[in-house]
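# Examining the three-dimensional arrangement
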Amino acid sequence: MQEVLEEYLRQDMMPHMWCAGCGNGIVLHSLIRALHDLALEKEKVVVVAGIGCAGRAAGYLNLDTLHSTHGRALAFATGVKLANPDLTVVVLMGDGDATAIGGNHLIHAARRDIDLTAIVFNNSIYGMTGGQQSPLTPQKSIATTAPGGTTQRPFDLPQLARGAGAGFVGRSTTFHHQLMTRLIGDGITHPGFALVEAITYCPTAFGRQNKMGSPVEGLRWQRDHFVEINKFLSLPEEDKKGKEPMGQFHPAKGPAWPH
Amino acid sequence: MSGAVVDVDEKRCKGCGICLTLCPRRVFNPDERGKVKVSRPERCTGCLICDNLCPDLAITVHRAKEGREGGRVRPPAV
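Nothing here was measured: the structure is a model prediction, and the numbers come from that model.

This part is about the pairing of strand β4 (residues 116–122) of chain A. Residues and elements named next belong to chain A. In terms of residue burial, β4 counts as a mostly covered element, since 7 of its 7 residues are buried. Alternating positions in β4 separate into two faces, L116, A118, V120 and N122 on one and T117, I119 and F121 on the other, with burial throughout. As paired elements, strand β3 (residues 88–94) and β4 share 6 bridges and run parallel to each other. If you follow V90 over to β4, its bridge partner there is T117. Relative to strand β6 (residues 194–199), β4 is paired through 6 bridges, and the arrangement is parallel. In the sheet register, F121 faces β6, and the bridge partner there is A198.

Following this line, the structure appears as structure tokens:
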């Protein structure tokens, strides 16, 4: 089974370029496990990625991959899927890539409900360019472009995608990697547009500015901060403070049109 | 009696410290370069925390019964 992980990795590209402790590698591991569990033909899987730290993930996968332009991964993926509907198309984007630069592509891909699986690596910051705030930076967090803490609210990404028409939306963290693997697998199986928000910890650009500490502290923060959606809803109001839900947010709804 | 065999790929390890801190059996120790080495292999129970949470995909846990040829231990489905 060791070979399973390795056969999905481009050996000549390892070790990867992500910083020590970056959660993107854990998301990549979950994706590989989900793809393996689905037993898809490797020739029938295409991984499309955008730009940024998360966008580099496609380059490490020993599949047909496409490293596209900033924010436009979903547009490229839509083209791939329409040209050959038999392909399974997985789209890897960062939080800024998906919701700022490619925000319009995201909502319209969800509205069209084409069978794509979008995995948004949410590390709360623009990591590669030096820690600027993104639309998913939590309120009051410090960023290079918000030295006093950002005053803006972040998007609630799964609800944004659901509101735009996505049939399957979910969120997990790198600490809850088993849930992440399940959500990615279910998202790929879902016949319409699926979005999985993968919360990852950026120790270099986000953690350092916000004094959140080592990669382990980031994982502990995820463990303590995120609660499974059904459990979250049953919590008394005062206990919900400082917690956020994760899991599959709504029952999957069928694609908007027959695939 | 150990439950599993754990391997660390030194070329991939960047020494982030996740496995060092989270391993409940303290199987790992840092070497002089800050990378991780398996110092107490007999204590590994195969819980897979290190394997699943290694961001560098550097750790592999095998079933002890069959040794490394027996294959990777798989996490249960949720």
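Before going further, it helps to spend a moment on the interface of chain B and chain A. Across the boundary between the two partners, chain B contributes 20 residues, which contact 23 residues of chain A. At the level of secondary structure, the elements contributing two or more residues to the side of chain B that touches chain A comprise α1 (18–22) and α2 (49–53) of chain B. Of the residues forming the side of chain B that touches chain A, the biggest block, 3 residues, is contributed by α1(B). Classifying every residue of the side of chain B that touches chain A gives 8 nonpolar, 6 polar and 6 charged.

Residues and elements named next belong to chain A. In spatial order, the strands read β2-β1-β3-β4-β6-β5-β8-β7; together these 8 strands make up an open sheet with mixed pairing. Each edge of the open sheet carries a strand with a single partner, namely β2 (64–67) and β7 (226–228). Put simply, the sheet's adjacent strands are angled 25° from each other on average, direction ignored. Note that strand β5 (residues 168–173) and β6 share 6 bridges and pair parallel. Across the sheet, T173 pairs through a bridge with I199, a residue of β6. Across the face of the sheet, helix α7 (residues 177–189) comes into contact with β3, β4, β5, β6 and β8 (244–248) while running at roughly 160° to β5.

We now examine the packing of helix α3 (residues 73–83) of chain A against helix α5 (residues 103–112) of chain A. All names here are of chain A. Put simply, α3 and α5 touch, their axes get as near as 8 Å, and they point 35° apart. Only H105, L106 and A109 of α5 make contact with α3, whose side of the interface consists of L74, A75 and T78. Classifying every residue of the contact of α3 with α5 gives 4 nonpolar, 2 polar and no charged.

Turning our eyes to something else, we now look at the pairing of strand β4 (residues 59–63) of chain B. All names here are of chain B. The element β4 is extensively covered by neighbouring structure, given that 4 of its 5 residues are classed as buried. Pairing analysis gives 5 bridges linking strand β1 (residues 4–8) to β4, with the strands arranged antiparallel. The partner of V8 across the bridge, within β4, is I59.

Conventions used here
Residues numbered from 1 in each chain as written. Chains lettered and ligands numbered in written order. Predicted model: local features only at pLDDT ≥ 70, side-chain atom pairs only at ≥ 80, totals over all residues. Buried ≥ 20, exposed ≤ 12 C-beta atoms within 10 Å, placed from the backbone. Helix = DSSP H or I, 4+ residues; strand = E, 2+ residues; numbered from the N terminus. Pairing = 2+ DSSP bridges. Contact = placed C-beta atoms within 7 Å. Nonpolar A, V, L, I, M, F, W, Y, C, P; charged D, E, K, R; others polar. Axes fitted to C-alpha atoms, helices over the stretch in contact; angles between N-to-C directions.

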